[in-house]
Amino acid sequence: MRRKLSTTLTISPPNLERTGYFAVEQALTGRAVPIDRDWLISRFHDGLQIRMLRPPARGLIEFSSGLASWHPIEGAERCVVVQRLHSGDAEGAALLIEAAEDWARYFGFSALLVLTGPHPRLPDPQDMAALEYRPFGDTADEIGLMGKILHGPILLPSLPQGWGARARALGPGLVVQCSARCPRSLAFAQEVTGRARQAGHPARVDLIETPKAARARRISAASDFAIALDGDRLDDGRLSEAETCDRLRALLPDA
């Protein structure tokens, strides 16, 4: 009997170029430049999993165990956490979520978790509800945590509280928090903080380099790119570069 061809591809370091992953990721996320390859290889070493829809369909999902997750979620040690989900339609998203669920069940994880909300990097909660995901715990700045129990019972994970305290912990001045995932975002962070310093304002880049650091320090539930000024968060990756520059010019004279 002929084996049915899987609807998804497993992305790994040996097949990154062959599968066209970088071009698909860039197109789906709307990035000006593709993801940094060295950064991605390091994430594979952390335990990141990526599945991509077989062409001509376009979609991808990134997920990892709670211990390797970049999302600040409490009580996720026995869970798998979706890091990113991009698909052009509901059918593709369902196939990608199913692939992540299959992996989680095979390795005995208790639940699959996903962040949702009105943010360009997150799926809509109604779309996840249609896939039988339900709200878990609290929400933070309109960002919700949803999940599906695969092997229960478990204590439900939740999003941390105290996001204002996280921002204040970055200290005074302008702080742009980001990772090296996207070279353009990192370059932009260095550019705006450099301009602020030249204008006499304290400014720095808070570069997050590991999943553990991300879970401990991130000031946004939704994004690893965020901006704080004197302990108040100004953006969590929702503003364009032009909008960010306009806001900073209004707050920091000559910057």
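Note: the structure precedes this text.
Residues numbered from 1 in each chain as written. Predicted model: local features only at pLDDT ≥ 70, side-chain atom pairs only at ≥ 80, totals over all residues. Heavy atoms only, no water.

Peer 1: Is there a simple way to think about the overall build of the protein chain in this case?
Peer 2: When its secondary structure is counted, the protein chain shows 8 helices and 11 strands. By the compact-globule yardstick of 18 Å for 255 residues, the protein chain fits well, its C-alpha radius of gyration being 19 Å. In terms of principal-axis extent, the alpha carbons of the protein chain reach across some 70 × 40 × 30 Å. When burial is assessed residue by residue, the protein chain has 53% of its 255 residues classed as buried. Taken as a whole, the protein chain presents about 12400 Å² of accessible surface, with 52% of it coming from carbon and sulfur. Looking at charge distribution, the protein chain has the averaged site of its 31 positive side-chain charges lying 5 Å from that of its 31 negative ones. (Helix = DSSP H or I, 4+ residues; strand = E, 2+ residues; numbered from the N terminus. Rg over C-alpha atoms; globule rule 2.2 N^0.38 Å. Buried < 20%, exposed > 50% of the residue type's maximum accessible area, 1.4 Å probe, protein only. Areas by Shrake-Rupley, 256 points an atom, 1.4 Å probe, with all protein chains shown as cover. Lys, Arg positive; Asp, Glu negative; His and termini not counted. Charge placed at Lys NZ, Arg CZ, Asp CG, Glu CD.)

Peer 1: Can you walk me through the sheet that holds strand β10 (residues 226-229) in this structure?
Peer 2: Spatial strand order, β9-β8-β10-β11: 4 strands in an open sheet with mixed pairing. Of all the strands in the sheet, the pair left with one neighbour each is β9 (203-207) and β11 (232-235). Each adjacent strand pair in this sheet contributes to an overall mean axis angle of 25°, direction not counted. One ladder, built from 3 bridges, connects β10 with β11; its direction is antiparallel. Bridging across to β11, Ile-227 finds its partner in Asp-235. Packing of helix α6 (residues 183-198) onto the sheet brings it into contact with β8 (174-178) and β9, and relative to β9 it is tilted by some 155°. Most of the contacts of helix α8 (residues 241-251) go to β11, to which it runs at about 140°, and overall it touches β8, β10 and β11. (Pairing = 2+ DSSP bridges. Axes fitted to C-alpha atoms, helices over the stretch in contact; angles between N-to-C directions. Contact = heavy atoms within 4.5 Å.)

Peer 1: Is there a simple way to think about the pairing of strand β2 (residues 49-53) in this case?
Peer 2: Both faces of the sheet carry side chains from a regular strand, because those side chains alternate between them. Of all the 5 residues making up β2, 5 are buried; the element is thus mostly covered by neighbouring parts of the structure. Where β2 meets strand β3 (residues 59-65), 4 bridges bridge the pair, whose relative direction is antiparallel. Bridge pairing in β3 links Met-52 to Leu-60. Between β2 and β3, which pair antiparallel and follow one another directly, the connecting turn spans 5 residues.

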